[in-house]
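What follows is the residue order along each chain.
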Amino acid sequence: MSAAFAALPADAGGDAVISIRELTKRYGELVAVDGISFEVRRGEVFGILGPNGAGKTTTLEMVEGLSCPDGGEVVVDGLSAWPDPTAVKARIGVQLQATALFDYLRLREIIHLFGSCYGVRRTPAEIDALLDRVGLLEKRDSFADQLSGGQAQRLSIALALVNDPVVTFLDEPTTGLDPRARRALWDVIRAINAAGTTVVLTTHYMEEAERLCARVAVMDHGHLMALDTPRALVRGLGADAHVTFTLSEPLPLEALCGLDGVSSCSAHDGEGYAMVADSAQRAVVSLLDLAAARGLTIENLDVQGANLEDVFLRMTGRKLAEEDEEDERTDEPEKPRRRGFLFGGGG
Amino acid sequence: MRAFLDFLRAFTIMFLRNRQALFWTFFFPVLLMGLLGIVFGRGFGGDLNLAIVRLDNGMVANVMVQAFKNADGITVSQPATEADALKQLKDGTVQGVLVLPSDLQQRFAEEDDTTRLPFHYDNSDLATAGQIMGVTQQIVESVGNGIAKVQPKLAIRPLGVKSQSLSYLDFLVPGIVALSIMQTAIFGIAGTIVTYKEKGVLRRLRATPLPMRSFMGSNVTMRVVTALIQTAIVLAVGMLLFHVKVNGSLALVAVVAIVGAGCFVSLGFTIAAVSKNQEVAQALMNVVQTPMMFLSGIFFPMNNAPAWIQPVVKVLPLTYLADALRAVIIGDASLWAVRWDLAILLAATGVFVMTAWRFFRWE
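Caption draft 1: Region of interest: the pattern of salt bridges. As enumerated under the stated definition, the model contains 19 salt bridges over all chains in all. Here arginine 215 of chain A makes a salt bridge to glutamate 44 of chain A, at a shortest N to O gap of 2.9 Å. Of the two residues, arginine 215 of chain A sits in strand β9 (residues 215-220) while glutamate 44 of chain A sits in the loop between β2 (30-41) and β3 (45-49), which places them 171 residues apart along the sequence. Glutamate 44 of chain A matches arginine 215 of chain A in its accessibility class, with the two residues each being buried. Where glutamate 109 of chain A meets arginine 17 of chain B, a salt bridge forms, and the shortest distance between an N and an O atom there is 2.8 Å. Placement of glutamate 109 of chain A in helix α3 (residues 107-117) and of arginine 17 of chain B in helix α1 (residues 2-17) is noted, with the two residues assigned to different chains. You can call arginine 17 of chain B partly exposed: its relative accessible area is 25%.

Caption draft 2: Geometry of the environment of aspartate 84 of chain B. Tracing the chain through its elements places aspartate 84 of chain B in helix α4 (residues 82-90). On a C-alpha basis, the gap between aspartate 84 of chain B and alanine 51 of chain B in space is 9.5 Å, while along the polypeptide they are 33 residues apart.

Caption draft 3: Local environment of unusual backbone geometry. Residues and elements named next belong to chain A. Following tryptophan 82, the chain continues to proline 83 via a peptide bond in cis, the omega torsion being 15°. Mapping proline 83 onto the fold places it in the loop between β5 (79-80) and α2 (86-91). Unusually for a residue other than glycine, glutamate 172 sits at a positive phi of about 45°. Here glutamate 172 shows up in the loop between β7 (167-171) and α6 (179-194).

Caption draft 4: Structural view of the packing of helix α2 (residues 19-40) of chain B against helix α7 (residues 168-199) of chain B. All names here are of chain B. One way to put it is that α2 packs onto α7 with a least axis distance of 10 Å and a crossing angle of 150°. If you check the angle between α2 and α7, you find them roughly antiparallel. For the pair α2 and α7, the crossing hand works out as right-handed. For the pair α2 and α7, contact is made by Thr25, Pro29, Leu32, Met33, Leu36, Gly37 and Phe40 and by Tyr168, Leu169, Leu172, Val173, Ile176, Leu179, Ser180 and Thr184, respectively.

Caption draft 5: Representation of the confidence of the model for chain B within the structure. Residue and element names in this part refer to chain B. Here chain B averages 82 in pLDDT, and 90% of its residues register 70 or above. The secondary structure element of chain B with the lowest average pLDDT is helix α6 (residues 126-144), at 75, and the one with the highest is helix α10 (residues 250-274), at 93. Low confidence marks residues 147-165, where pLDDT is under 50. Its contacts with residues over four positions away, or in another chain, come to 35 contacts.

Caption draft 6: Main features of the pairing of strand β11 (residues 241-247) of chain A. All names here are of chain A. Of all seven residues making up β11, five are buried, and the element is well covered by its neighbours. Summarising the sheet, β11 and strand β14 (residues 298-305) pair through six bridges and their orientation is antiparallel. The residue bridging histidine 242 from the neighbouring strand is glutamine 304, located in β14.

Caption draft 7: Structural detail: the packing of α10 of chain B against helix α13 (residues 317-329) of chain B. All names here are of chain B. One way to put it is that α10 packs onto α13 with a least axis distance of 9 Å and a crossing angle of 175°. In terms of orientation, α10 and α13 fall into the roughly antiparallel class. In this structure, α10 uses Leu252, Val253, Val256, Gly260, Cys263 and Phe264 to contact α13, whose residues at the interface are Pro317, Leu318, Leu321, Ala324, Leu325, Val328 and Ile329. Here the residues of the contact of α10 with α13 are counted per class, giving twelve nonpolar, one polar and no charged.

Caption draft 8: Highlighting the nonpolar core. Core analysis: the largest hydrophobic core is formed by 145 residues, its most contacted members being Phe102 of chain A together with Phe215 and Phe299 of chain B. The dominant element in this core, judged by the number of residues it contributes, is α7 of chain B, at 19 residues. In contact with phenylalanine 215 of chain B, not counting residues within four places along its chain, are Phe102 of chain A together with Phe7, Phe11, Ile193, Tyr196, Leu202, Leu205 and Leu210 of chain B. Counting 30 residues, the second-largest nonpolar core is a separate cluster that includes Val33, Val94, Leu96 and Met219 of chain A.

Caption draft 9: Structural detail: the confidence of the model for chain A. Residues and elements named next belong to chain A. Here chain A averages 80 in pLDDT, while 84% of its residues score no lower than 70. Predicted confidence is poor over residues 1-13, with pLDDT under 50, and the contacts of this stretch with residues over four places away or in other chains come to 27 contacts. Note that residues 323-347 has pLDDT below 50 and, in this model, 76 contacts with residues that lie over four places away or in other chains.

The rules behind the values
Residues numbered from 1 in each chain as written. Chains lettered and ligands numbered in written order. Predicted model: local features only at pLDDT ≥ 70, side-chain atom pairs only at ≥ 80, totals over all residues. Heavy atoms only, no water. Salt bridge = Lys/Arg side-chain N within 4 Å of Asp/Glu carboxyl O. Helix = DSSP H or I, 4+ residues; strand = E, 2+ residues; numbered from the N terminus. Buried < 20%, exposed > 50% of the residue type's maximum accessible area, 1.4 Å probe, protein only. Axes fitted to C-alpha atoms, helices over the stretch in contact; angles between N-to-C directions. Parallel < 35°, antiparallel > 145°, perpendicular 65-115°, else oblique. Left-handed = near helix turned anticlockwise from the far one by under 90°. Contact = heavy atoms within 4.5 Å. pLDDT = per-residue confidence, 0-100. Pairing = 2+ DSSP bridges. Nonpolar A, V, L, I, M, F, W, Y, C, P; charged D, E, K, R; others polar. Core = buried A, V, L, I, M, F, W, Y, C linked by side-chain atoms within 4.5 Å.

Below is the structure:
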């Protein structure tokens, strides 16, 4: 772990809507969440970034009142979540990973029913307005099992807003969605935040965290590795960019690594070179000078800005997410299933 | 309370939109009743025909013949010889032949042992044979004990099926009611709860401030009400279409149905508690329901089943529900008369609730 991440700016200072202190959860031998502390500021989009199994969902479950912590405390909007989470549950909205819905109910009926769970009675106009916020107004009379993956997630988010929560928790809201549906969902989340609701989301997509979140907590193996704005986290890397290129003639690595603005370099497949630059500008200028001096031709020059993926790689030595393109949900509606049981009412 | 009612409404809507559930809940029991009535019953509400071969003219034989003549639902003929009677049995005119031997009076007066009267029946139609044998046995025994209907001073009010109800459908209908209650309660609860558990609905609901007892309570209420409606439909169709007699108090039928539904709702919760997914739940439901369907005296009486199977019959809760319903519907039994059936059902409910409580997981 780099020294740059040692000091965690975990204290939100002024207006913290969520305060977590020394939160711990064990499952037998496994310590799923290991004494983490941080605060979420009122009105921000707060991201928890980490690979599968990092403890993101477990952390959220303890904040949401679904899973009792083994140690530490959670305060949401001034209320302690434990031992009795009922009051906290009334003030938060929750979207869980598994989309949980009733067959045979129309969208507007599901929203009415969930409102009822929070003791609020939504009028048809309010229900329509809520569906409109997540772009599902035209689906108000559809059944939940007629929705595409992206639509189901949006319904799930609508349900997380039904009680006008102070904070809404979105657990991997875009996992499994195709890029188009993912972007549409980002717009929905931005709009929710713009309307004044604090949003806490978990993700293992670094792009999602970078684009949506004011601040990001990086988790791995139940620990909080870092917490800051995405920009500050990347800057903390000491790396500005990745520079890759090929040369017409091979060149010793020492010559490249010594260039101004370059912090490290490597050779790939005998032909390509990769440099990590602390200053992209100086590294590229000095590379061009070197090539000109030696009469070499630079080809396939590519400069890529450092991102949260690099932050995570640096801190854990592992990649954040394997690209799971193959099991992406498509945006096509699933075939409606009409399940019934032999003898008797399954409905 | 508001949420309870909203969920009750939602469960009802979901149920009414589920055509398969509607079919199995309301149509199937009626269909089953009709099919079994056609296959095993001798026409709807038709009488059984018994030939009595009377070779003795003593008092016992007179009383006996009179008792059979007075019995509901059984028609007596008196062929002259046993050979004539057996011919009638073979051509299907009668379903049973009772022989009153020439020394009946003498043996009845002199012997302390039970006098066994020859009874012929048709081997190839065991369901009918069982019915007529049961009826005949009952009347013969009651005559033997001196409490036949011809002597009103000594008569008792007969309870239970065999003494009064003579059509197979009379026997069957309370059984169908019991079976339907069991299936609605078990499938309604275990099916939905396991689905909701598997799909994460329970987890999502737990993230709301709604007390889970409101959710579970509305589900249970909906199943119990469904069971009552089912009972009403099966009884109504039985009465109107198949001329089944409903002698007992409908209020008491409802009480027994509610106790029974409660018992099987809690069994449904037990299954939901120990099942991780729908496949397991489905298998468990079959394991639990199949023996009850066939060994609880739903389709045929278990009195004549082999002795070794009786302990199994006795531990099945459905035995007691069917027994109580039959006693009330056909026999006009009082609440007091079915107290033990109800007590056993309530005890079973307690065991199921505790098991469910112990093992239930939300996800």
